[in-house]
Amino acid sequence: MTKAEFYELLDIDSPADFQYFENFAAFIECEDEPEYEHVAELVKEADKEILAQLISDYFEEISDFLPESETELFTMFDNVRRSLTGMSKNCNDETAMTKLTDELERFRRWYSKRSRVFLACLGTADEEEMTLRDALVCARLEALGGEKYQYDFSECTDYPLDEYIVSFGDMMAAVDDEVQE
C-alpha cells in the first residue's frame, strides 16, 4: 500500500489531518497492510494529545458492544487502552514513538486479522468464525435490531499484555478523568 493509498484509506491528506474518530477507526480496522514507515510517520507527526484521545474514545466505543459477561476481555481492552494512551501522551523521543507504532500495529493486526470469535446465530443455529473486529460489528448490528448471536470470545483472551506497562501517573490521570466525567 502506497502512502497515498494509506492516507486515502484514513481520509486524510497529511498526518496533521489525523484528528477524528473515523480516521483512527479506519486505521485500526484496516485489513490491508500499510507500510510500517507510513504508520511510523503518521505516529511521529500526529498530535499526540489528539491521538491519545482517539485511542481512548475508540476503546470506549468498542467496549460498549462487549457482552457484560466478558469481563476478562473488557479488562484486557481497558489495559490496552490505558497503555496506548499513556504511550501516546509520553511519546517524547524516537524510541517511544517506535514502541507506540509497534504496539498500535500489533493491536491492529490482532484485532482486525488474527483474533478469533465464534458466533452462533440464534435464529438459524449457523456457526461461523470471524475476527473480533467483525464480531463487534455484528454486536452493533444486533443492537440495532439485526440477527441475534451467541458469542464465544474465549479465543480472544490470548492477546499478550505482558509487554504493556502503564505508569502510575497514567493510572492516576485516568482516575481523575473518570471522576471529572
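In case you missed it, the structure is sitting above this.
Residues numbered from 1 in each chain as written. Predicted model: local features only at pLDDT ≥ 70, side-chain atom pairs only at ≥ 80, totals over all residues. Heavy atoms only, no water.

Section: the nonpolar core
For soluble globular proteins, nonpolar side chains are generally found buried alongside one another.
Step number 1: F24, F77, Y111 and L132 are the most contacted members of the largest nonpolar core, which totals 48 residues.
Step number 2: In contact with L132, other than residues within four places in its own chain, are L73, F77, W110, Y111, S115, V117, F153 and C156. (Core = buried A, V, L, I, M, F, W, Y, C linked by side-chain atoms within 4.5 Å. Buried < 20%, exposed > 50% of the residue type's maximum accessible area, 1.4 Å probe, protein only. Contact = heavy atoms within 4.5 Å.)

Describing the sheet that holds strand β3 (residues 149-152)
Step number 1: Read from one edge to the other, the open sheet built from three strands follows the order β2-β1-β3, with strand pairing classed as antiparallel. The outermost strands of the open sheet, each flanked by one partner alone, are β2 (127-130) and β3. Between one strand axis and the next, the sheet turns by 25° as a mean value, whatever way the strands run.
Step number 2: As judged from the four bridges shared by strand β1 (residues 117-121) and β2, these two strands associate in the antiparallel manner. Counted as the bridge partner of F118 is E129 from β2.
Step number 3: Sitting on the sheet, helix α7 (residues 132-143) is in contact with β1, β2 and β3, with an inclination near 150° to β3. (Pairing = 2+ DSSP bridges. Helix = DSSP H or I, 4+ residues; strand = E, 2+ residues; numbered from the N terminus. Axes fitted to C-alpha atoms, helices over the stretch in contact; angles between N-to-C directions.)

Quick look at the pattern of salt bridges
Step number 1: Counted under the stated rule, the structure contains 14 salt bridges.
Step number 2: R108 is the partner of E33 in a salt bridge, and the nearest nitrogen-oxygen pair spans 3.2 Å. Within this pair, whereas E33 is found in the loop between α2 (21-28) and α3 (36-45), its partner R108 is found in helix α6 (residues 94-114), the two being separated by 75 residues in sequence.
Step number 3: Judged by its relative accessible area of 0%, R108 is buried.
Step number 4: One salt bridge in this structure joins R106 and E103, with 2.8 Å as the shortest N-O distance. With R106 and E103 both in helix α6, this residue pair falls three residues apart, about one helical turn.
Step number 5: Judged by its relative accessible area of 2%, E103 is buried.
Step number 6: One connected set of salt bridges, linked through shared partners, spans E33, E105, R108, R109 and K113. (Salt bridge = Lys/Arg side-chain N within 4 Å of Asp/Glu carboxyl O.)

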